[in-house]
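# Summary of structural features
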Amino acid sequence: MKKALALVAFFVIFSFLLLGVVQMRPFGEPENEDMDDYFLGDSQKRHEVNNVVTAVLFDYRGLDTLGEATILFAAVSGVLTVLRRFKDKEEGEK
Amino acid sequence: MKWEMSRVVKTVTDILVAPIIIFGIYLILHGHLTPGGGFQGGAVIASSTALLIIAYGTLGKHKKDLSSIEAVGLTLFILIAFLGIGSTVFYNYITGTGFPFGGSLPYHGPNPGYINTGGTITFMNLMVGIEVAAALSLILWMMSKRGGVMEPKGSSSKKAEGKD
């Protein structure tokens, strides 16, 4: 019973993935090119940046990068919280 | 707890740490010119920390320093972003002015590789690099300190804590 359920789930997910692959557009022909052209032109013209990827990362999509940095900050906070030592146990921070 | 590798490892670490850190700084500072950037350069700098931890077993008493550096990096990133609030947040207000990294490209086309460009993007790369380097170093150090990797053989963690 469990095996049959797993098999059914596998085939359903696999068929969905296969459908996605079949319907995929050919490489290098995106549906909408307006934003791509805007990024490629504007990043050099207005921002004077050669690396368009960095321009997108830190300027056009800057809020995403801010969220990424915040996630890292939260991760460090979590690690420090879980792995801390309590004061009465430690003798001399080592 | 005290944990040191052999003299060979320590010597190689002494030789390699400085080039690794310099390469990380290079990646961060050239983030607006070449592949790479703040996250990648910070990770490279943190790898040098991993090398130091493996070879010497300790970083000294720098946990609070690393924590503050990380917080300062993130705060300055947000500050630089919000300084452009006259137009929008994350507006590139430095480019085109005479400020450092505010130079302009003479032509548009292939990458001439001028480091004096980018405006706020370069500064944000710097801040993210500082933050990521400090954060990953802190994570590595805390995990190496508490985990069993660095424990000497034949002694439980309780004993090792008591010995310190």
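Residues numbered from 1 in each chain as written. Chains lettered and ligands numbered in written order. Predicted model: local features only at pLDDT ≥ 70, side-chain atom pairs only at ≥ 80, totals over all residues. Heavy atoms only, no water.

An α-helical turn contains 3.6 residues, so a residue and the one three or four places further along point in the same direction. Residue and element names in this part refer to chain A. For helix H4 (residues 62-82), with 21 residues, the first-to-last C-alpha span of 30 Å sits near the 30 Å given by 1.5 Å per residue. For H4, every residue scored as buried is listed here: Gly62, Thr65, Leu66, Ala69, Leu72, Val76 and Val79. With its buried residues spanning 145° around the axis, H4 presents them on a single face. Facing away from the buried side of H4 by over 90 degrees, the exposed positions are Leu63, Asp64, Ile71 and Val82. (Helix = DSSP H or I, 4+ residues; strand = E, 2+ residues; numbered from the N terminus. Expected span 1.5 Å × (residues − 1). Buried < 20%, exposed > 50% of the residue type's maximum accessible area, 1.4 Å probe, protein only. Arc of directions from axis to C-beta.)

Turning to the packing of aromatic side chains, a few remarks are in order. Residues and elements named next belong to chain A. For the coordinates displayed, the defined rule picks out seven aromatic pairs over all chains. Ring centres of Tyr38 and Phe39 lie 6.1 Å apart, and the angle between their planes is 50°; this geometry places the pair in the tilted category. Ring centres of Tyr38 and Tyr60 lie 6.1 Å apart, and the angle between their planes is 65°; on these two criteria the pair is classed as edge-to-face. A residue pair is termed long-range when its members are at least 10 positions apart, and Tyr38 in helix H2 (residues 34-45) and Tyr60 in helix H3 (residues 52-60) qualify at 22 residues. The exposure class assigned to Tyr38 is partly exposed, which follows from its relative accessible area of 38%. Residue Tyr60 is classed as buried on the basis of its relative accessible area, which comes to 17%. An aromatic cluster is present here, built from Phe10, Phe11 and Phe14 joined pairwise through their rings. (Phe/Tyr/Trp six-rings, centres within 6.5 Å; stacked < 30°, edge-to-face > 60°.)

This part covers the packing of H2(A) against H3(A). All names here are of chain A. Two elements in contact, H2 and H3, have axes whose closest approach is 10 Å; the angle formed by their N-to-C orientations is 90°. One way to sum up the angle between H2 and H3 is to call them roughly perpendicular. Here H2 contributes Tyr38, Phe39, Leu40, Asp42 and Ser43 to the contact with H3, which in turn contributes Val52, Ala55, Val56 and Tyr60. Residue classes in the contact of H2 with H3 are distributed as seven nonpolar, one polar and one charged. (Axes fitted to C-alpha atoms, helices over the stretch in contact; angles between N-to-C directions. Parallel < 35°, antiparallel > 145°, perpendicular 65-115°, else oblique. Contact = heavy atoms within 4.5 Å. Nonpolar A, V, L, I, M, F, W, Y, C, P; charged D, E, K, R; others polar.)

When pLDDT is averaged along chain B, the result is 80; 82% of the residues meet or exceed 70. Across the assembled chains, the prediction reports ipTM 0.74 with pTM 0.76. (pLDDT = per-residue confidence, 0-100.)

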